[in-house]
Every structure is written in structure tokens, then in C-alpha cells.
Amino acid sequence: MPELPEVETVRRGLQPVMEGARIVKAEARRKDLRFPFQKDFVARLDGQTVTGLGRRAKYLLADLASGDVLLMHLGMSGSFRVINHEDKKTPGKFHHPRSEDRAHDHVVFHMSSGAAVVFNDPRRFGYMKIIARKALEEEPLLRGLGPEPLGSEFDAAMLARSCANRKTSLKAALLDQRVVAGLGNIYVCEALYRAHLSPLRLAATLATKAGQRKGVAGGEPTDHARRLVTAIHAVLNQAIKAGGSSLRDHRQTTGELGYFQHSFQVYDREGEKCQTAGCGGIVKRFTQNGRSTFWCPKCQK
Ligand SMILES: [Zn+2]
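Residues numbered from 1 in each chain as written. Predicted model: local features only at pLDDT ≥ 70, side-chain atom pairs only at ≥ 80, totals over all residues. Heavy atoms only, no water.

A. Main features of the coordination of the zinc ion. In the first shell of the zinc ion, the protein supplies Cys-274 (SG), Cys-279 (SG), Cys-296 (SG) and Cys-299 (SG), at 2.3 Å from the metal. Bound by 4 donor atoms, the zinc ion shows angles of 105 to 115 degrees at the metal and therefore tetrahedral coordination geometry. Within one chain, the residues serving as donors to the zinc ion are arranged as C-x4-C-x16-C-x2-C. Within this pair, whereas Cys-274 is found in the loop between strand E10 (251-252) and strand E11 (284-288), its partner Cys-299 is found in the segment after strand E12 (291-295), the two being separated by 25 residues in sequence. Accessibility assignment for this pair places Cys-274 and Cys-299 in one class, buried. (Donors = N, O, S within 2.8 Å, 3.2 Å for Na, K, Ca; no water. Tetrahedral: all angles 85-135°; square planar, octahedral: opposite > 155°, others 65-115°. Helix = DSSP H or I, 4+ residues; strand = E, 2+ residues; numbered from the N terminus. Buried < 20%, exposed > 50% of the residue type's maximum accessible area, 1.4 Å probe, protein only.)

In C-alpha cells, the structure reads:
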């Protein structure tokens, strides 16, 4: 499943062909993806200029001149492809195999820039919804989301406050979208590894004892919280940078966006030697809250 850096890479790949361009014609080739399309889905897109393409957690948000926002989610297997009429080559280099089957091209935006933006999704867990910008804050899909991990409000104090009275593991807390938005299994494993923190540690230990007593109102951060925020920033920024260079350096005829080669330090490395200098431990895997956790029991405490 695409995580925040992949979605951000998709956003950066689509920006040049969508932002400032008009949707000359929108096509929805089925009645539904994960959810049915709104009845006026195509009508609210046709002829609209995309004034901006943003991201919130793992949602892409295209602002339209009409005051509507087109919300797009890639689901499990969704991908975008840009077909440029003059030049069939468009940027993108990919890690996961994407569907090449044109039968799964479900949505197409024909842009005034001359490019066609195609959404392909074999499993159809992706979805699109048009929301009036003024109703965005009340939108159920977005309302419960916590801070953006790379936004200015997300820091050690905020993370400690959200974790101060949690009885869950640190890993479960980080996967909770109300604590921090857009982090998934892979980058949570990577961040905990780099911060040398055990995925099994109690989330509340990110706050000082006094902070835990005061609950969410308190939550003075421990050094662990500071280390973890630094690690979250580092893994995400590094992955976004890798995605960015895949957009710049590689041109692929399929033009699919956002699934780039990226090597992880601990994720998917069960049985391999820990990469932490001087550790000598072996990476282990176990199932935690239904997901695979990869970690080094020797240096993650
Ligand atoms: Zn280790």
C-alpha cells in the first residue's frame, strides 16, 4: 500500500500537468471504485481549472476554480499514469509492479495541457470524492486526522501529549492516524529502528512521569520522544527525496508515478544482520496488531 512519501511523489509528478491546467473532459469508466462515484462527479470536473494540487496525509487534494476540491486516494493498488500526447515518456520509476492492464484504467482526466492523467486500480480500493472546499473541515474522511508528520505543529511535545495516557504499544500509537497522519507500517518500523526504540514499548513512555499523570494536558517529552520525531522526519524526507530523484532521473514509457526503488534499513530484512554500527544483532519479524513488525531486539529498547 502506498505510504505518505509515495503519495507525495505522485503529487509532485502530477503537479506540472494538472496545476494551472483545465480539465477539458473527465471520464469515469465505471459506477464505482471502493465507493460509488457521486452522480454529478463528471459534471463537477468538466471544464474546471485545477488551481492547486495538495496533499493531506495520504489524500491528494485538487483545488478547482469552482470552489470544489477533488479528493483522491490510491487505496491498495491504485496508480496514476500521465500520457503526454507529444511525448509518450513521462517521469517515474517504481518499486512495486503496477498494473499494465488497461482494463483497470477507471478514471481519465484530459487536461488542457495536452496530457491525459489516468487512474488505474485493479483491486479498486482507491476512491475519489468531490467536496466543497468550505465543507472540507467537516469531511468525515479528513476530520479525525492528526498532524502532518512533516508539518510545523508536529514536534516532540505534541507527540508526547498525544501518547501520555495511551495504554497501547508505541508502534500501535504511531499507526493511529489521530496521533500522526499518514504514517504506515513500513515507515513506522523504519523510524522506530532509527530511533533505537522498541515497537513493544508503552506509548506513554514518550511523556515524562509527570506528563503521564497529567494525561493529554501534560506530556512533557522525554528524550525518546525527541529522538523519535527526528527519526520520523529523517525517514520521510529521505524517502521523498528518493521519490523526487526517481521523477527527475528516470523516464519510463508507461509514465506511472510514485512507486520508487527505495531500500529500507529494517523493513523486510528478517534474518539479516542489524545495520546499526557495533550492534551485531539480527533483524526479527513478528505480527503486531495484525501487521508485520521488523525490528532489532538488541538495539531497540
Ligand atoms: Zn541492532
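B. Layout of the pairing of strand E8 (residues 115-120). Here E8 lies mainly inside the structure; 6 of its 6 residues are buried. Examined bridge by bridge, strand E5 (residues 79-84) and E8 share 6 bridges and lie antiparallel to one another. In the strand pairing of E8, Ile-83 is matched with Ala-116. Inspection of the sheet shows strand E7 (residues 105-111) paired to E8 by 5 bridges, in the antiparallel sense. The residue bridging Val-107 from the neighbouring strand is Phe-119, located in E8. Here E7 hands over to E8 after 3 residues, with Gly-114 in that stretch at a positive phi of 95 degrees. (Pairing = 2+ DSSP bridges.)

C. Main features of the nonpolar core. Core analysis: the largest hydrophobic core is formed by 30 residues, its most contacted members being Leu-14, Leu-45, Leu-70, Met-72, Phe-80, Phe-109 and Met-128. Broken down by element, the residue count for this core peaks at 5 residues, all from helix H1 (residues 4-18). With sequence-adjacent residues up to four places away left out, Leu-70 is seen in contact with Phe-41, Leu-45, Leu-60, Leu-61, Ala-62, Phe-109, Met-128, Lys-129 and Ile-130. Core analysis: the next-biggest nonpolar cluster, separate from the first, contains 28 residues, Phe-154, Ala-173, Val-180 and Val-229 among them. (Core = buried A, V, L, I, M, F, W, Y, C linked by side-chain atoms within 4.5 Å. Contact = heavy atoms within 4.5 Å.)

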